[in-house]
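A look at the structure
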Amino acid sequence: MTVSARKFYSLSDNAAELALESAFFAQLKMRNGTFKLTRAARFRDVEIAIRPAITERASSLRQVLDVGVSTGLTTVELAQFLRKCAAPARVTATDLFIHAHIVEVGQTVAVFCDPEGWPLQYEFFGMAIRPWIRRLDYVTLAFIPRLLARAYLQPRLCRRIRAGLSRRVQMITRSLPQDGEITFIEDDIMIPSQHLRGKFDLVRAANILNRNYFSDDQLKTAIGNIHSYLRGPGALVLLTRTNRSQENAGTLFELKEDSSLAVVRRVGGGSEVEKLLLDFRQAEPVFPSATEVKE
Ligand SMILES: C[S@@+](CC[C@H](N)C(=O)[O-])C[C@H]1O[C@@H](n2cnc3c(N)ncnc32)[C@H](O)[C@@H]1O
């Protein structure tokens, strides 16, 4: 049984073991239909496949961006992997949804929701209940109370949050190192972010740029943004997706002088959106030519 948000956030760090933490977050479906699903050690096969390419470029990997990190559990592992490869990397971890609120409605009922009041979990007499609808709910008609509850609660939760009548928490792993090596920011990969532009030597997007979450047009928008966040030629992009049997399909790309992306390494047959990256062409070149730099 899933633990309730109130219980989860009252556990001491030791008690919030990784398995319990992953199980809690994996049940949370965000407003845009994506899940906070993540799992420890899910990228071992990817790490083995890309290790030679990363080690070869280690000294140039200083700023790393991990996009759609969920709780950051696998970001912590990415930072450890880069350290083992001798890369002096500082990692920026982004997710569209980091902040959340626990709103208590009396002593026995509570709602865990995002800052817009979108319910992520109900707690009813200590029992955690998912607010999102799955296919079977249309057969059993369990979708009706869920739809009604959300429509009734969302504006009320939103008002309570604005009035300061909630407990603000972060959907971030407790396994985060305290050395400041990883910085978390809320960011939407679909919207260009000026302060991320031209900054990164490696961008990873794992289990986010998937065709079952986003349309090709949305994927192209995200790819354009990722491209603009790269520092310049030689920078890397890693796209991966984990399948049901916990194997990964992904591609490591390198940015070329003409600002196109080329495949460095594939794992598990390559990323399902690899072609979108290979076909991507930037509207205007961002990298100044050698003469422009001299001037
Ligand atoms: C399935 S999790 C992947 C977590 C982690 N990268 C991994 O592979 O274990 C997908 C994450 O993407 C985030 N996400 C969804 N849409 C996003 C967007 N437009 N911009 C940034 N993050 C987003 C979700 O909140 C969720 O935490």
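1. Side note on the domain arrangement of the chain
On domain assignment, one finds that the chain holds domain 1 (5-30 + 99-170) and domain 2 (44-97 + 177-294). With 7 residues of domain 1 in contact, the opposing surface of domain 2 contributes 4 residues. For the domain 1 face of the interface with domain 2, the top three residues by lost area are Phe 25, Met 30 and His 99, together amounting to 61%. Connecting domain 1 to domain 2 are 0 salt bridges. At the junction of domain 1 with domain 2, the criterion picks out 1 residue pair in polar contact (both at pLDDT 80 or more). The element contributing the most residues to the side of domain 1 that touches domain 2 is helix H2 (residues 18-26), with 4 residues. Classifying every residue of the side of domain 1 that touches domain 2 gives 3 nonpolar, 2 polar and 2 charged.

2. Some details on the nonpolar core
Judged by nonpolar contacts, the single largest core of 31 residues is most densely connected at Ile 54, Leu 82, Ile 182 and Phe 184. Elements with a contribution of two residues or more to this core: helix H3 (44-56), helix H4 (73-84), strand E2 (90-95), strand E8 (182-186), strand E9 (202-206) and strand E10 (236-242). Counting residues in each nonpolar core, the second largest holds 27 residues, with Ile 208, Leu 230, Leu 255 and Phe 280 among its members.

Reading the values: rules and limits
- For every chain, the first residue of its written sequence is number 1, and the numbers climb from 1 along that sequence.
- Confidence filtering applies because this is a predicted model: local features only for residues at pLDDT of at least 70, side-chain atom pairs given and counted only at 80 or more, and all residues used for totals across whole chains, interfaces and linings.
- Only hydrogens and water are removed before side-chain values are computed, so all heavy atoms of the structure are retained for them.
- Per the annotation, domain bounds derive from an automatic or database assignment of domains.
- Residues count as neighbours in contact if any of their non-hydrogen atoms are within 4.5 Å of one another.
- Two parts placed together each lose some accessible area; with a 1.4 Å probe, that loss summed over both constitutes the buried area.
- By definition, a salt bridge exists where a carboxyl oxygen of Asp or Glu is found within 4 Å of a side-chain nitrogen of Lys or Arg.
- Any pair of N or O atoms that falls within 3.5 Å is considered a polar contact. Within protein, one atom must be able to donate a hydrogen and the other to accept it, and sequence-neighbouring residues count only if both atoms are side-chain atoms.
- In this description a helix means any DSSP run of H or I spanning at least four residues, a strand means any run of E spanning at least two, and both kinds are numbered starting from the N terminus.
- Following the grouping adopted for this structure description, the nonpolar residues are Ala, Val, Leu, Ile, Met, Phe, Trp, Tyr, Cys and Pro, the charged ones are Asp, Glu, Lys and Arg, and the polar ones are all others, Gly among them.
- Only buried residues count toward a nonpolar core, which is a set of Ala, Val, Leu, Ile, Met, Phe, Trp, Tyr and Cys residues joined through side-chain atoms within 4.5 Å.
- Throughout this description, buried means an accessible area under 20% of the type-specific maximum (1.4 Å probe, protein chains only), exposed means over 50%, and partly exposed covers the range between.

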